[in-house]
Amino acid sequence: MNRRRTLAALTATSALLLACTQAQAAQGRPQSAPQRPPLAGLRVLLSNDDSMQLARPNASDGKGLYEVRRALCEAGADVVVMAPWANQSGAGTSATSGGQLTVQRRTALPDGYANDCSGAPAGGAVYGVCKGAAPCGQSTPSATPADTVRLGINGGLAAKAGWKGGPDLVVTGSNFGPNAASVVNESGTLGAALAAIDEGVPAVALNSAYDPAVTDSFEVAEHTYRRTAAFGAAFIAGLRERDLLAPQYVVNVNYPHRGQHQRPRGTAFTSVGTQKLLDLHYTAVGDTFTIGAQLCTPRSPGCRPESKPRADFALLQRGYVTVTPISPDRTATGRATRGLEHYVRGGH
């Protein structure tokens with residue numbers, strides 16, 4: 001059933017339920033108890049790689065995180081945010097192996113998000129994590145995305161939220177831009193999610209796509225953030241209902257950019273693509289190099305084309321929500337490795 005038919009069916013069902021409830025009340029019959037929220041009782045650690053600041057004009061530093069926080073709480077989850085103090089996009093799976101980390105609670109939340117989780121046991125607490133023992137400030141080095149998840153699972157949530165058993169689920173994002181194809185290798189959003197399954201906790205990564213028609217800038221529409229969050233909360237509820245929240249792999253979800261009155265063309269089960277998405281360049285002035293990046297185009301000389309038939313980014317560009325299981329196993333297999341295998345097994 002497509003999305004439009006689904007929405008129509010839901011609308012009709014809601015109207016029928018309302019009519020039945022009104023009829024029961026008119027006849028003096030007892031009404032049934034309200035339905036339990038789909039994520040009730042689920043403890044969620046929410047992180048990202050964009051930070052929890054939400055201070056940039058283009059909202060690239062945490063808008064998606066606050067939208068997901070709202071959607072998860074509306075679905076009944078108990079959410080605590082532990083996110084990097086400053087933007088850590090591209091941090092991948094990097095982690096801090098020594099020294100100290102400071103967890104600092106944010107008391108004044110961004111406009112429009114303050115009361116989203118007020119009824120949850122933990123109150124939707126938001127923490128930023130920085131490096132060092134001093135309070136986090138404007139120039140304080142930030143913890144990495146993986147740091148925030150490892151800290152939260154291994155003592156941070158117990159100390160700050162009283163979650164002695166840790167979280168039931170780690171959700172990361174939604175990210176400013178898609179995490180598909182070659183970008184998967186450097187994504188801090190996925191790095192944080194991989195840190196979660198490494199600690200034995202299921203993880204879902206959410207990502208909001210850019211407008212594919214705009215190739216000279218990176219922008220995520222506000223309605224895309226909101227739709228990503230709504231889809232993510234409903235999708236996680238479905239995974240929970242079917243007992244599919246497991247730590248064997250990260251569930252990576254990319255939500256497409258669509259117009260205000262357009263819906264995704266469907267949900268596709270995909271694999272990580274081989275296409276190179278970003279073309280990096282380095283401009284030198286003396287010993288200093290400035291890093292620049294632009295989206296790859298079909299004619300970009302340094303960009304690798306796609307080699308898989310059902311790759312994530314290709315289907316995302318066509319308007320599908322893509323769902324990809326990502327494993328920490330990086331062992332290459334197949335025809336490309338046979339020459340290496342024969343050489344090694346030959347005694348060299």
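Scroll up for the structure.
Residues numbered from 1 in each chain as written. Predicted model: local features only at pLDDT ≥ 70, side-chain atom pairs only at ≥ 80, totals over all residues. Heavy atoms only, no water.

**Q** How should I be thinking about the overall build of the protein in this particular structure?
**A** Across its full length, the protein holds seven helices and eleven strands. Classification of the 348 residues of the protein by burial places 45% in the buried group. Carbon and sulfur atoms form 52% of the exposed surface of the protein, whose accessible area is close to 18400 Å². (Helix = DSSP H or I, 4+ residues; strand = E, 2+ residues; numbered from the N terminus. Buried < 20%, exposed > 50% of the residue type's maximum accessible area, 1.4 Å probe, protein only. Areas by Shrake-Rupley, 256 points an atom, 1.4 Å probe, with all protein chains shown as cover.)

**Q** Would you mind going over the pairing of strand 5 (residues 169-176) with me for this structure?
**A** In summary, the side chains of a regular strand alternate between the two faces of the sheet. Burial within strand 5 is extensive, with eight of its eight residues counted as buried. Note: strand 1 (residues 43-47) against strand 5, four bridges, orientation parallel. In the strand pairing of strand 5, Leu45 is matched with Val170. Sheet topology places strand 5 next to strand 6 (residues 203-208); five bridges connect them, and they run parallel. Paired with Thr172 across the bridge in strand 6 is Ala205. One crossover worth recording links strand 5 to the parallel strand 6 by way of helix 4 (residues 188-198), and it is right-handed. (Pairing = 2+ DSSP bridges. Right-handed = clockwise from strand over helix to strand, strands pointing away.)

**Q** Can you walk me through a nonpolar patch on the surface in this structure?
**A** A contiguous nonpolar patch, built from Leu280, Tyr282, Phe289 and Ile291 and spanning about 460 Å² of accessible area, is present on the exposed surface. Secondary structure elements with two or more residues in the nonpolar patch: strand 9 (278-285) and strand 10 (288-295). Under the relative-accessibility criterion, Ile291 is labelled exposed at 60%. (Patch = residues over 30% accessible without salt bridge, like charges linked within 9 Å, V, L, I, M, F, W, Y side chains within 5 Å. Salt bridge = Lys/Arg side-chain N within 4 Å of Asp/Glu carboxyl O.)

**Q** It is not clear to me how the layout of surface pockets should be interpreted in this structure. Could you clarify?
**A** To find the voids left in a structure, one rolls a probe of water-molecule size over its atoms. Here the largest pocket defines a volume of roughly 960 Å³. Taken together, 41 residues form the lining of the largest pocket, with Val183, Tyr210, Phe218, Leu278 and Leu295 sitting closest to its centre. Here the lining of the largest pocket gets four residues from one element, more than from any other, and that element is strand 10. The residue makeup of the lining of the largest pocket, split by class, is 19 nonpolar, 14 polar and eight charged. (1 Å grid on protein atoms, 1.4 Å probe; cavity = no way out; pocket = protein on both sides within 12 Å on 5 of 7 lines; lining within 4 Å. Points joined across faces, edges and corners; volume = space filled by probe spheres on them. Nonpolar A, V, L, I, M, F, W, Y, C, P; charged D, E, K, R; others polar.)

**Q** What should I look at first to understand the pattern of salt bridges in this one?
**A** Two side chains of opposite charge can pair, provided their charged atoms sit close to one another. All chains considered together, the criterion is met by six salt bridges. Among the ionic pairs, Glu222 bridges to Lys63, the shortest N-O distance being 3.5 Å. Residue Glu222 is located in helix 5 (residues 222-241), and its partner Lys63 is located in helix 2 (residues 63-74); the two are separated by 159 residues in the primary sequence. Among the residues examined, Glu222 registers a relative accessible area of 48% and is labelled partly exposed. Taking the shortest distance from any N to any O, the salt bridge between Asp116 and Arg70 comes out at 3.2 Å. Taken together, the residues Asp116 in the loop between strand 3 (101-105) and strand 4 (126-131) and Arg70 in helix 2 connect sequence positions 46 residues apart. Here Arg70 falls in the buried class, since its relative accessible area comes to 16%.

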